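Below are the chains, spelled out letter by letter.
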Amino acid sequence: MKKRINLILLIFLLISFLVFLNPTFLPFKLARGFVQAVFSVPKSALYTLKLGFLSEGKELSQLKDENKKLYEKLSEYERLKRDNEALRSQFETSSSNSQNLILAKVIGFLGPLTNPNTLVIDKGERDGIKNGQAVVSGKNLVGKIEKVSEKYSQVMLPTNSGFSLLSKSSQNNSQGIVRGEGDFILLDQVVITEKIENGELVLTKGEENSVPSDLIIGKIVSVNRRESAPFQTGKIESLVLFSKLETVFISK
Amino acid sequence: MRPKNLLILLLFFALLIETTIISFPLFLFVSVVFFVLYPDTKTLLVLLAGSMVLDFLTSGNLGASALFLFAALLFLSVYQGVLDIKNYKILLVALFAFSLVYAYIFSYTLNFIVYLLIYGTIFTALFVGFKKKLIY
């Protein structure tokens, strides 16, 4: 009896391995689409319930929203200032491309409850979502599309240890790389001769065909600088509370 | 309702909760308990289907959850002679270890203290339950 159950377990292990090797098999794709469609509504309802349960006071929430809008206006002001200077100097111009945005609902997450590192949204291949596309909330970058299936996608947040993106600072235009460190976001590889300050916004630099430029990643809350080192780093705090997001937009 | 059907319902809720509001291997927990109580082919079929649904809902690699789950069940089954898996204390220790490894592989919450607290609470509740003969 014991040997029989072990044999059956081995068979099921083999079946799982075959499924793992052939994820694009048509019946699996059809089943995935069906399951995701069926579970979409209960997941959405449950996630909304969770956000309602963990919500902070109304006044605090309003203040945070106002603060976020002010930072967005500040970023827009900085961009207009740069455009103005560029036009005056007649050397260069920076353009902001109009974005084609798709609305998506957040229906799940991975990672710690109050500090997730991945979100699951209810849009997938069928909605034209592709790997690497930027996910935004207002003018703030939420993350990048990491995995796409029929009707759901995973969004890698900037706190995810696999996250990496070219960036620039809003005031001094200092170039760097934003990386996820699990608990926080790190601005890395900023040349020591460039200037970064506390309170300065960090924006996306813009990568061809994926992440548009001038999206707010966060603000610098601390700078780690040693004159003897070739690079300096900064700790970034996002203006978006990822654990409280209900809807996001995907930039096509 | 029959206990087996109740466990299947519990599996469904574990799937929904795990993929939506708690990043914790609930499905793995319920699956292992299900197998220990009903070690037959029908159980394994339900667990295979459930694992695939779990992968669909997390948009993860299809078959990955099932691979881990059946590897864990095979381990428990093979070492059944050495580890008395029907003893709740041994089962909880095994589940604790499997949960940590699962959380690491699938990027779930991996806070050792939190897992210790959760399993410690379950252990205490079962211990008191058996001691006071509330559970037989």
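Data block above holds the structure.
These numbers come from a predicted model, not from an experiment.

Draft legend 1. Examining helix 6 (residues 112–131) of chain B more closely. Residue and element names in this part refer to chain B. Taking 1.5 Å of rise per residue, 20 residues should cover 28 Å, and helix 6 covers 28 Å from first to last C-alpha, within 8% of that figure. Every buried residue of helix 6 is listed here: Tyr-115, Tyr-119 and Gly-129. Mapping the buried residues of helix 6 onto a view down its axis gives an arc of 85°, with all of them on the same face. Projecting away from the buried face of helix 6 at angles above 90 degrees are the exposed residues Ile-113, Leu-117, Thr-121 and Lys-131. Residues of helix 6 that are buried in the fold lie against helix 2 (26–37) and helix 5 (88–105).

Draft legend 2. Looking closely at the pairing of strand 8 (residues 185–191) of chain A. Residue and element names in this part refer to chain A. A large share of strand 8 lies buried, amounting to five of its seven residues. One ladder, built from four bridges, connects strand 7 (residues 175–180) with strand 8; its direction is antiparallel. Of the residues in strand 8, the one forming a bridge with Val-178 is Leu-187. In textbook terms, the turn of a hairpin is the stretch between consecutive antiparallel strands, and for strand 7 and strand 8 this stretch comprises four residues, one of which, Gly-182, has a positive phi near 85°.

Draft legend 3. Highlighting the environment of Thr43(B). All names here are of chain B. Looking at where Thr-43 falls in the secondary structure, it is placed in helix 3 (residues 41–58). We classify Thr-43 as buried; its relative accessible area is 0%. Contact partners of Thr-43, with chain neighbours within four places excluded, come to Lys-4, Phe-34, Phe-35 and Tyr-38.

Draft legend 4. How the structure looks around a nonpolar patch on the surface. A cluster of nonpolar side chains, Leu6(B), Leu9(B), Phe12(B) and Phe13(B), forms an exposed patch at the surface whose accessible area comes to about 350 Å². For Phe13(B), the location among the structural elements is in helix 1 (residues 3–18).

Draft legend 5. Region of the structure containing the packing of helix 1 of chain B against helix 2 of chain B. All names here are of chain B. For the pair helix 1 and helix 2, interaxial distance at closest approach is 8 Å and the crossing angle is 165°. Taken together, helix 1 and helix 2 sit at an angle that is classed as roughly antiparallel. As for how helix 1 packs across helix 2, the hand of that crossing is left-handed. Where helix 1 abuts helix 2, its residues Lys-4, Leu-7, Ile-8, Leu-10, Leu-11, Ala-14, Leu-15, Ile-17 and Glu-18 lie against Leu-26, Phe-27, Leu-28, Val-30, Ser-31, Phe-34 and Leu-37.

Draft legend 6. Structural context of the nonpolar core. If you look at the biggest cluster of nonpolar residues, it comprises 60 residues, and the most contacted ones within it are Val32(B), Phe70(B) and Leu73(B). The element contributing the most residues to this core is helix 5 of chain B, with ten residues. With near-sequence residues (within four places) excluded, Val32(B) lies in contact with Leu69(B), Leu73(B), Leu76(B), Leu91(B) and Leu95(B). In terms of nonpolar packing, the next biggest core, distinct from the first, is built from 19 residues, Tyr47(A), Ala104(A), Ile129(A) and Leu157(A) among them.

Draft legend 7. Looking closely at unusual backbone geometry. Residue and element names in this part refer to chain A. Phi is positive for Gln-189, close to 60°, though the residue is something other than glycine. Position of Gln-189 relative to the elements: it lies in strand 8. In this structure, Asp-214 is a non-glycine residue whose phi angle is positive, near 65°. Within the secondary structure, Asp-214 is located in the loop between strand 9 (201–204) and strand 10 (216–224). The buried category is assigned to Asp-214, whose relative accessible area is 8%.

Draft legend 8. Focus on the interface of chain A and chain B. Contact residues are listed per partner, giving 40 residues for chain A and 40 residues for chain B. With both chains or domains summed, chain A and chain B bury close to 3400 Å², and 72% of this area falls on carbon and sulfur atoms. Counting across the chain A and chain B interface gives seven residue pairs in polar contact (both at pLDDT 80 or more). Listed by contribution, the elements that provide at least two residues to the side of chain A that touches chain B are helix 1 (2–21), helix 2 (26–53), strand 1 (101–110) and strand 5 (153–156) of chain A. Taken together, the residues of the side of chain A that touches chain B break down into 25 nonpolar, nine polar and six charged.

Draft legend 9. Quick peek at the pattern of salt bridges. Residue and element names in this part refer to chain A. This model, assessed by the stated rule, comprises eight salt bridges over all chains. A salt bridge links Asp-188 to Arg-179, with the shortest nitrogen-to-oxygen separation between them at 3.2 Å. On the basis of relative accessibility, which here comes to 26%, the residue Arg-179 falls in the partly exposed class.

Draft legend 10. Broad picture of the packing of helix 3 of chain B against helix 4 (residues 64–78) of chain B. Residues and elements named next belong to chain B. The interhelical angle for the contact between helix 3 and helix 4, taken along N-to-C directions, is 145°, at an axis separation of 7 Å. Considering how the two elements wind past one another, helix 3 and helix 4 form a crossing that is right-handed. Of helix 4, the residues touching helix 3 (which contributes Leu-44, Leu-47, Leu-48, Ser-51, Leu-54 and Asp-55) are Ala-64, Ser-65, Ala-66, Leu-69, Phe-70 and Leu-73. Among the residues making up the contact of helix 3 with helix 4, the classes are represented as nine nonpolar, two polar and one charged.

Draft legend 11. Molecular detail of helix 5 of chain B. Residues and elements named next belong to chain B. The terminal C-alpha atoms of helix 5 lie 25 Å apart, and with 18 residues this matches the ideal 26 Å at 1.5 Å per residue to within 8%. Inspection of helix 5 places Tyr-88, Leu-91, Leu-92, Ala-94, Leu-95, Phe-96, Phe-98, Ser-99, Leu-100, Tyr-102 and Ala-103 among the buried residues, and these make up the whole buried set. Those residues of helix 5 that are buried lie in contact with helix 1, helix 2, helix 3, helix 4 and helix 6. Backbone geometry just after helix 5 places Ser-107 at a positive phi near 55°.

Conventions adopted
- Residues numbered from 1 in each chain as written.
- Chains lettered and ligands numbered in written order.
- Predicted model: local features only at pLDDT ≥ 70, side-chain atom pairs only at ≥ 80, totals over all residues.
- Heavy atoms only, no water.
- Helix = DSSP H or I, 4+ residues; strand = E, 2+ residues; numbered from the N terminus.
- Expected span 1.5 Å × (residues − 1).
- Buried < 20%, exposed > 50% of the residue type's maximum accessible area, 1.4 Å probe, protein only.
- Arc of directions from axis to C-beta.
- Contact = heavy atoms within 4.5 Å.
- Pairing = 2+ DSSP bridges.
- Patch = residues over 30% accessible without salt bridge, like charges linked within 9 Å, V, L, I, M, F, W, Y side chains within 5 Å.
- Areas by Shrake-Rupley, 256 points an atom, 1.4 Å probe, with all protein chains shown as cover.
- Salt bridge = Lys/Arg side-chain N within 4 Å of Asp/Glu carboxyl O.
- Axes fitted to C-alpha atoms, helices over the stretch in contact; angles between N-to-C directions.
- Parallel < 35°, antiparallel > 145°, perpendicular 65-115°, else oblique.
- Left-handed = near helix turned anticlockwise from the far one by under 90°.
- Core = buried A, V, L, I, M, F, W, Y, C linked by side-chain atoms within 4.5 Å.
- Buried area = accessible area lost by both parts, 1.4 Å probe.
- Polar contact = N/O pair within 3.5 Å; in protein donor to acceptor, adjacent residues only side chain to side chain.
- Nonpolar A, V, L, I, M, F, W, Y, C, P; charged D, E, K, R; others polar.

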